[in-house]
Amino acid sequence: MAHVLGIDIGGTGIKAAPVDTATGELTAERQKLPTPHPATPDTVVDVVAQLVQAFDWTGPAGVTFPGVVVDGVIHTAANLDHAWIGVDAAKTFEAATKLAVTMLNDADAAGVAEMRFGAGSGVGGTVLLLTLGTGIGSALFVDGVLVPNTEFGHIEIRGKDAERRASELAREEHDLSWGAWAGRVDEYLSHVEALLSPGLIIVGGGISRKADKFLPLLTGLRAKVVPAALHNDAGIVGAAMAADAVGAGHATVRL
Ligand code: BGC
């Protein structure tokens, strides 16, 4: 049984908890601190270090980032400060926390957790997880193998970045009714479905707790659409799974 600290950096909050990677369960209550503004490398590293300290953690850690992450290096940061771009985040967090750190995209982390322990467990074929939060994140699986760093939240719909229209933040900012927002989500999912034809779409992020308010309003999709089972903990669990896999000598999580 491996215990790994999972840390999920989002546009709104930074959450952490130790995870038993054999079961996907959090072994202590999750702690959450607000994402600092501006969310530069210095300010975010401070918050992550506080969370590591709060758990008195000395073991391995997995950390998610809401942008493209390749070999620990950040390539995009749509909802955090652009000073992150080009930064080796894994090395930066390792230097600040003295822990062995594995980094991956936040939606990819949520995806691997849902595929092993949640709504995608045992499902083959093309499965797409979309997190609707501050932005829209995506994780694409083909027969359980992740295609990392897909960025389907940034396809263009009606001349706009899709996440500006259909994220949970867009619902709040434009004060949309569930019906109006569900219409936007429906249009977005139809576009994505036309590109990828997934058999299953898993809707994640905090909004998955309110799935009954909008999933029944979606129409005309061929794919089965289900809420995430691990809700907002999926990123923490997936971050820990990634660190565990890398610790065991694999390049990435194997489902
Ligand atoms: C980022 C993605 C991220 C998603 C959810 C998007 O703006 O480009 O990398 O997964 O937000 O946080």
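The shown structure was predicted, so the numbers you read here are calculated from the model rather than taken from an experiment.

1. Topic: the pattern of salt bridges
Okay, step 1: If you walk through the whole model with that rule in mind, you get seven salt bridges.
Okay, step 2: For Arg164, the salt bridge identified is with Glu163, shortest N-O distance 3.6 Å.
Okay, step 3: For Arg171, the salt bridge identified is with Glu168, shortest N-O distance 2.9 Å. With Arg171 and Glu168 both in helix H5 (residues 168-173) and three residues apart, the pair spans about one turn of that helix.

2. Quick look at helix H1 (residues 41-54)
Okay, step 1: Spanning 14 residues, H1 covers 20 Å between terminal C-alpha atoms, matching the ideal 20 Å at 1.5 Å per step.
Okay, step 2: Turning to H1, its buried residues are Pro41, Val44, Val45, Val47, Val48, Leu51 and Val52. Projected onto a plane normal to the axis of H1, the buried residues spread over an arc of 160 degrees and lie on a single side. In H1, the exposed positions that point more than 90 degrees away from the buried face belong to Asp42 and Gln53.
Okay, step 3: Looking one or two places after H1, you find Asp56, whose phi comes out positive at around 55 degrees.

3. Details of the domain arrangement of the protein chain
Okay, step 1: Taken domain by domain, the protein chain consists of domain 1 (3-108 + 233-247) and domain 2 (122-230).
Okay, step 2: With centres defined by C-alpha atoms, the gap from domain 1 to domain 2 works out at 23 Å.
Okay, step 3: The interface of domain 1 with domain 2 comprises 14 residues on the first partner and 16 residues on the second.
Okay, step 4: Of the roughly 1100 Å² buried at the junction of domain 1 and domain 2 (both faces included), carbon and sulfur atoms supply 46%.
Okay, step 5: When the buried area of domain 1 at its contact with domain 2 is split by residue, Asn79, Ala107 and Asp108 rank highest and sum to 47% of it.
Okay, step 6: Where domain 1 meets domain 2, there are zero salt bridges.
Okay, step 7: Across the domain 1-domain 2 interface, the total number found is six residue pairs in polar contact (both at pLDDT 80 or more).
Okay, step 8: When its residues are assigned to classes, the side of domain 1 that touches domain 2 shows six nonpolar, six polar and two charged.

The rules behind the values
- Residues numbered from 1 in each chain as written.
- Predicted model: local features only at pLDDT ≥ 70, side-chain atom pairs only at ≥ 80, totals over all residues.
- Heavy atoms only, no water.
- Salt bridge = Lys/Arg side-chain N within 4 Å of Asp/Glu carboxyl O.
- Helix = DSSP H or I, 4+ residues; strand = E, 2+ residues; numbered from the N terminus.
- Expected span 1.5 Å × (residues − 1).
- Buried < 20%, exposed > 50% of the residue type's maximum accessible area, 1.4 Å probe, protein only.
- Arc of directions from axis to C-beta.
- Domains from an automatic or database assignment.
- Contact = heavy atoms within 4.5 Å.
- Buried area = accessible area lost by both parts, 1.4 Å probe.
- Polar contact = N/O pair within 3.5 Å; in protein donor to acceptor, adjacent residues only side chain to side chain.
- Nonpolar A, V, L, I, M, F, W, Y, C, P; charged D, E, K, R; others polar.

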